[in-house]
Amino acid sequence: MLNDVFHIYRPTYLMKTQETHTRTTLTCLLCRSIFSAFIDMVEENQSEQNLINTITTLCSTLGVLSPKSCSGLIDLNLPIIIYIIKNTPGVASRTFCGLLFQTANNPNSCVYNDPRFEWSVDLPEPSEFMETESRQSNSKPLKIALISDAHIDPFYEPNGVADCDEPTCCRKEQTPRRLTFNYDLLETHVDKSLSNTGDTYMLNLDAATGIKSVNIVSRNNNTSPPAGYWGDYRNCDTPLWAYDDVIERIASTHKDIDVVYYIGDNIDHHVWETTFEMINGMNQYVIDKMRKEFGDNVLIVPCIGNHESQPTNQFAPSSIKGDKLNTTWLYEALVKKWDYYLTEEAKITILEKGAFTRLIKPGLRVISINSNIAYRSNWWLVYDPLEAKRHLEWLVSELYKAEVAGEKVHILSHIPPGVHDLIYTWTREYNRIINRFKKTITAEFNGHLHSDEFKIFYNGSDPVAMAWGVGSSTSYSDYNVNYKIATIDNNTFEPLNIVNYIYNLTEANLTPNRRPHWFQLYDVRGTFGIPDLSPASLDNLVYRMVTNQTQYLDLYAAFYSKLSDTRWPNCNDNCKIDNLCKTVVTVLWERSKCEELRLLYFSSKL
């Protein structure tokens with residue numbers, strides 16, 4: 001029976017990058033079934049080894065991951081899931097799966113209806129405050145280097161296997177992918193496998209017979225090009241020397257840098273074989289390299305990415321102390337590694353929640369938050385959804401202190417607002433916080449997505465705040481490498497301009513013995529012809545993109561992937577408007593402005 005179930009599901013999982021109703025429904029149904037069985041086994045007090053063996057067998061039989069990947073992921077994650085099931089009354093498979101497989105477009109794709117996730121934060125009334133007195137008119141603007149998502153793979157192998165049988169490739173000792181699927185022949189059979197009565201979906205196992213009769217699998221002839229020297233557009237992480245080149249390039253070219261904002265994700269995507277030792281080593285390497293190249297006079301303000309934890313994505317509440325369960329080990333290690341750049345107060349809050357605040361100069365404060373706590377793949381959300389609330393309450397407290405002191409604030413958050421990687425309640429409440437403190441917050445900077453994009457916060461129809469994506473120092477999943485330089489007004493602490501620098505990975509790999517050729521991709525004001533970087537100007541730009549100046553939409557689509565040779569040429573009109581839609585969504589599933597842009601764009605093309 002399981003073989004039939006997996007035979008139906010396996011090609012569906014691999015079929016498309018774009019989510020479909022059939023795929024999301026099958027994924028949700030299978031996930032709930034497996035988690036329900038697993039919860040029963042835990043409640044029956046089966047041994048941990050038996051649980052590990054059972055789930056490893058299921059994962060390997062499913063066939064979407066190699067046995068090695070299955071074993072590694074399960075060994076790392078199962079102790080946490082077992083603890084949560086044993087210590088969370090009424091824990092339900094629906095909650096695990098609803099979080100894990102929520103989508104950006106549809107709140108009903110895998111619903112979980114867990115009332116514990118319905119919470120709100122209290123917002124204080126606006127205070128009377130005075131501007132900080134020490135600001136100097138007409139003073140030299142601040143220069144801030146923006147860097148994110150290094151994703152260093154210490155075992156990267158130039159000319160290695162870039163198309164392997166594991167989720168992430170280009171690492172030593174990997175083997176080429178052996179099977180490929182003929183996806184076009186599958187859709188009709190897969191669609192017939194699902195039936196529903198009301199909200200209940202059933203899987204028709206007879207569909208497995210039809211799928212087996214179709215020639216869906218072929219042997220791979222292993223002609224895929226090998227991994228490049230400077231990185232690879234495919235699912236490959238960053239060589240050490242490519243990260244070094246980014247930092248050395250910034251330090252040698254932009255000698256007037258005042259501050260560096262590093263937005264997190266030092267660790268690679270080989271999430272089934274991470275170790276505490278490797279994570280600690282890479283975290284140390286990243287900060288040491290920046291300090292060496294930028295010097296002790298340049299302040300570095302870091303932010304924690306979801307890949308810094310062990311296992312990946314797991315951020316436990318501070319009350320969790322058990323071995324292989326807690327996140328305290330990470331916070332303690334980062335306090336030591338970042339010590340040179342931290343105040344004593346910052347060390348205390350990092351140890352508690354992985355977040356901190358730091359006064360950059362009189363009048364400007366940076367708040368580095370740990371949005372990973374609300375990441376949909378963080379199992380600990382099922383254990384205690386209110387931990388995310390407590391983090392936002394801390395943010396409100398720090399913003400209020402800044403408001404009373406007359407300070408302006410830059411927020412660093414690894415995961416951007418409104419994306420499907422964050423739980424809905426966090427995005428809604430975060431939006432309320434930004435609106436409440438819009439006079440205090442002058443900029444926000446994000447990583448995580450690797451793409452180059454921005455976000456506009458709204459109060460009704462009024463644009464009120466901006467969040468700027470930093471991009472990535474990795475080419476993982478079809479992006480060119482980049483960094484940005486932000487020029488900040490030294491009186492208002494608002495961005496005056498942001499300039500993006502990249503190199504073309506295809507070109508760089510043609511000459512492995514020569515450092516990559518970096519060039520300026522754009523500057524926001526000059527390239528898009530806007531007077532400033534205010535929310536109003538960006539809102540106006542977005543609407544011009546879909547009406548009378550669609551050439552700017554073409555530019556935005558090209559810059560989204562940083563002129564990636566594998567993404568940019570394949571982005572059609574639907575792709576362009578999908579990417580632009582993300583700029584106006586800061587609350588998950590609130591997509592009215594997105595649909596307005598879509599309607600304006602396609603009606604103008606009639």
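Residues numbered from 1 in each chain as written. Predicted model: local features only at pLDDT ≥ 70, side-chain atom pairs only at ≥ 80, totals over all residues. Heavy atoms only, no water.

A. Examining the packing of aromatic side chains more closely. Taken as a whole and judged by the stated rule, the model has 28 aromatic pairs. Relative to F356, the ring of W338 lies with its centre 6.4 Å away and its plane at 55°, an arrangement referred to as tilted. Of this pair, W338 sits in the loop between α10 (328–337) and α11 (344–353) while F356 sits in strand β8 (residues 356–361), and the two are 18 residues apart along the sequence. Across this residue pair, the class does not change: W338 and F356 are buried. One aromatic cluster is present, built from ring pairs that chain together Y156, Y229, W230 and W241. (Phe/Tyr/Trp six-rings, centres within 6.5 Å; stacked < 30°, edge-to-face > 60°. Helix = DSSP H or I, 4+ residues; strand = E, 2+ residues; numbered from the N terminus. Buried < 20%, exposed > 50% of the residue type's maximum accessible area, 1.4 Å probe, protein only.)

B. Spotlight on the UniProt feature "binding site: Zn(2+) 2" (unreviewed entry) in the chain. As annotated in UniProt, the feature "binding site: Zn(2+) 2" (unreviewed entry) corresponds to D265, N306, H414 and H448 in the numbering used here. Across 184 residues in sequence, these annotated residues keep their C-alpha atoms within 8.3 Å of one another, forming a single compact spot. Tracing the backbone shows D265 in the loop between β6 (259–262) and α9 (276–294). Along the chain, H414 falls in the loop between β10 (408–413) and α14 (424–436). A distance of 2.7 Å separates the side chain of H414 from the backbone oxygen of I263, its partner in a polar contact. (UniProt positions renumbered as here; feature names shortened; annotations may be inferred. Polar contact = N/O pair within 3.5 Å; in protein donor to acceptor, adjacent residues only side chain to side chain.)

C. Expanded view of the state of the cysteines. The full count for this structure, using the stated rule, is seven disulfides. C164 shares a disulfide with C169; S-S distance 2.1 Å. Disulfide C164-C169: the torsion about the S-S bond is -85°, which places it as left-handed. Among the residues examined, C169 registers a relative accessible area of 4% and is labelled buried. (Disulfide = S-S within 2.5 Å.)

D. Structural detail: the sheet that holds β8. Pairing is mixed across the open sheet formed by six strands, whose spatial order is β8-β9-β10-β11-β13-β12. The sheet is open, and its two edges are formed by β8 and β12 (454–459), each paired on a single side. Neighbour-to-neighbour, the strand axes of the sheet open up by a mean angle of 25°, direction not taken into account. Of the strands in this sheet, β9 (364–369), β10, β11 (441–446), β12 and β13 (462–469) are in contact with α14, which crosses β12 at around 75°. In the packing of helix α17 (residues 535–545) onto the sheet, contacts are made with β12 and β13, and the angle to β13 comes to roughly 85°. (Pairing = 2+ DSSP bridges. Axes fitted to C-alpha atoms, helices over the stretch in contact; angles between N-to-C directions. Contact = heavy atoms within 4.5 Å.)

E. Summary view of helix α5 (residues 93–100). Counting buried residues along α5, seven of its eight residues qualify, which places the element largely inside the surrounding structure. All of the buried residues along α5 are S93, T95, F96, C97, G98, L99 and L100.

F. Representation of the pattern of salt bridges in the model. Across all of its chains, the model carries 31 salt bridges by this definition. As a salt-bridge pair, D114 and R116 come within 3.0 Å of each other at their nearest N and O atoms. Given the relative accessible area of 30%, R116 is considered partly exposed. The partner of K140 in a salt bridge is D258, with the nearest N and O atoms 3.9 Å apart. Within this pair, whereas K140 is found in the loop between α5 and β1 (142–147), its partner D258 is found in the loop between α8 (240–253) and β6, the two being separated by 118 residues in sequence. Assessed through its relative accessible area of 28%, D258 is described here as partly exposed. One continuous salt-bridge network, built from bridges that share partners, spans K68, D153, R171, D268 and E273. (Salt bridge = Lys/Arg side-chain N within 4 Å of Asp/Glu carboxyl O.)

G. Quick look at the packing of helix α3 (residues 48–62) against helix α4 (residues 67–87). Packing of α3 against α4 leaves a shortest axis separation of 9 Å and a crossing angle of 140°. With respect to α4, the element α3 is oriented oblique. Once α3 is placed against α4, the crossing between them reads as right-handed. Contact residues: α3 offers E48, L51, I52, I55, T56, C59 and S60, while α4 offers P67, C70, S71, I74, D75, L78, P79 and I82. (Parallel < 35°, antiparallel > 145°, perpendicular 65-115°, else oblique. Left-handed = near helix turned anticlockwise from the far one by under 90°.)

H. Quick peek at unusual backbone geometry. Here the residue pair Q310 and P311 is connected by a cis peptide bond, since its omega of -5° sits within 30 degrees of zero. Relative to the helices and strands, P311 resides in the loop between β7 (299–302) and α10. Even without a glycine there, the phi angle at N45 is positive, about 60°. With respect to the helices and strands, N45 occurs in the loop between α2 (21–43) and α3. Although it is not a glycine, D149 sits at a positive phi angle of roughly 55°.

I. Structural view of the pairing of strand β15 (residues 495–502). The element β15 is largely enclosed, with a buried count of seven among its eight residues. Bridge analysis of strand β14 (residues 482–488) against β15 gives seven bridges, and the strand direction is antiparallel. For A486, the partnering residue across the bridge sits in β15 and is I498. Counting the residues in the hairpin turn of β14 and β15 gives six residues, including F493, whose phi is positive at 65°. Bridge analysis of β15 against strand β16 (residues 519–523) gives four bridges, and the strand direction is antiparallel. When the sheet's bridge partners are listed, V499 is paired in β16 with D523.

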